Amino acid sequence: MTVRERVLDLLFPPKCPFCQKILAEPRAPVCPECRPGLPWLEGAAGERQVDFADGCFSPLAYRGTVPQAVHRYKFSRVRALGKPFAALMTQCLSDRLPERADLLCWAPLSKKRLRERGFDQAELLAREVGRLLSVPAVPTLEKTRNTSPQSELEEASARRANAQGAYSLLPGAGLIGRRVVLVDDVVTSGATLSACAALLCQAGAERVYCLTLAQARSH
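The structure displayed is predicted, hence computed values, not measured ones.

Chemist: Please clarify how the overall build of the chain should be interpreted in this entry.
Modeler: In terms of regular secondary structure, the chain is built from 7 helices and 7 strands. The burial tally for the chain puts 47% of its 219 residues in the buried class. Of the contacts made within the chain by residues no fewer than 6 positions apart, 73% connect residues no fewer than 24 positions apart. Accessible surface computed for the chain: about 11200 Å², of which carbon and sulfur atoms make up 52%.

Chemist: In this structure, what is going on with the environment of P139? I would like to understand it.
Modeler: Turning to its location among the elements, P139 is positioned in the loop between helix 5 (121-133) and strand 4 (141-143). By relative accessible area, P139 is classed as partly exposed at 43%. Distance in space between the C-alpha atoms of P139 and A126 is 9.9 Å, their sequence separation being 13 residues. In this structure, P139 is in contact with W106, R127 and L170, ignoring residues within four places of it in sequence.

Chemist: Help me understand the pattern of salt bridges, please; the structure alone is not making it clear to me.
Modeler: Once their charged atoms are close, side chains differing in charge can pair, the charge on each being opposite to the other. Scanning all chains against the criterion turns up 9 salt bridges. A salt bridge links D185 to K74, with the nearest nitrogen and oxygen atoms 3.0 Å apart. Separated by 111 residues along the polypeptide, D185 in strand 6 (residues 179-187) and K74 in helix 2 (residues 66-75) bring together distant segments of the chain. By the burial criterion, D185 is buried, and K74 matches it. Note that E116 and K112 form a salt bridge whose closest N and O atoms lie 2.6 Å from each other. One end of the pair is E116 and the other is K112, both in helix 4 (residues 111-117) and 4 residues apart, which spans about a single turn. Judged by its relative accessible area of 38%, K112 is partly exposed.

Chemist: What is the right way to read the packing of aromatic side chains from this model?
Modeler: In this description, an aromatic ring pair is defined by two values, namely the gap between the centres and the angle between the planes. Tallying each qualifying case throughout the model produces 4 aromatic pairs. A ring pair is formed by Y73 and F119, whose centres lie 5.6 Å apart and whose planes are at 65°; its orientation type is edge-to-face. Residue Y73 is found in helix 2, and its partner F119 is found in the loop between helix 4 and helix 5; the two are separated by 46 residues along the sequence. Exposure class is identical for Y73 and F119. Each is buried. Pairwise contacts between aromatic rings join F18, Y73, F85 and F119 into one cluster.

Parameters at a glance
Residues numbered from 1 in each chain as written. Predicted model: local features only at pLDDT ≥ 70, side-chain atom pairs only at ≥ 80, totals over all residues. Heavy atoms only, no water. Helix = DSSP H or I, 4+ residues; strand = E, 2+ residues; numbered from the N terminus. Buried < 20%, exposed > 50% of the residue type's maximum accessible area, 1.4 Å probe, protein only. Contact = heavy atoms within 4.5 Å. Areas by Shrake-Rupley, 256 points an atom, 1.4 Å probe, with all protein chains shown as cover. Salt bridge = Lys/Arg side-chain N within 4 Å of Asp/Glu carboxyl O. Phe/Tyr/Trp six-rings, centres within 6.5 Å; stacked < 30°, edge-to-face > 60°.

Spelled out as structure tokens, the structure:
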């Protein structure tokens, strides 16, 4: 731990993202009281099929205390939650990914949504996972059409239509022959990840894997 990290821990003690109690062990992502009760996804339950992707991995189900923690991160702008969430995602990826990734990218917000929120929650997760794994997190995609939030759409068909054509590749992506991990916060229908993964494949990525903190089931 660096001196700066020690000072920050003293001034702003890290809290458990799920119960908000101060962590006795500042570097732990979750407190020991919450850990056993979290909706961990094990084995095949932690993988989802996403079109155009070679795998989609998540450490948690989107239930219990998880939705409230994710909402606090995204909508209450508690950026500090990005670190413990990314730690859980990093362990999940390390356990499940069959090969080392060449780079990470993320499903980006539109410029309008980014101005409203003040930060891109998926970018923050991708950059922290990349830091932990010593793998570069690279801006690769942009959202070219502002859409309704996917969380407001219940039907999978509506989510697919909402994401269709909403993303494009940034110039000079340089993905040919590379193994890419695409990061987002939650996967529900998989429409957003599928739309982004299709572009990465078209750009020549050898493999595309998706990584999210949590997995929800679409209605």
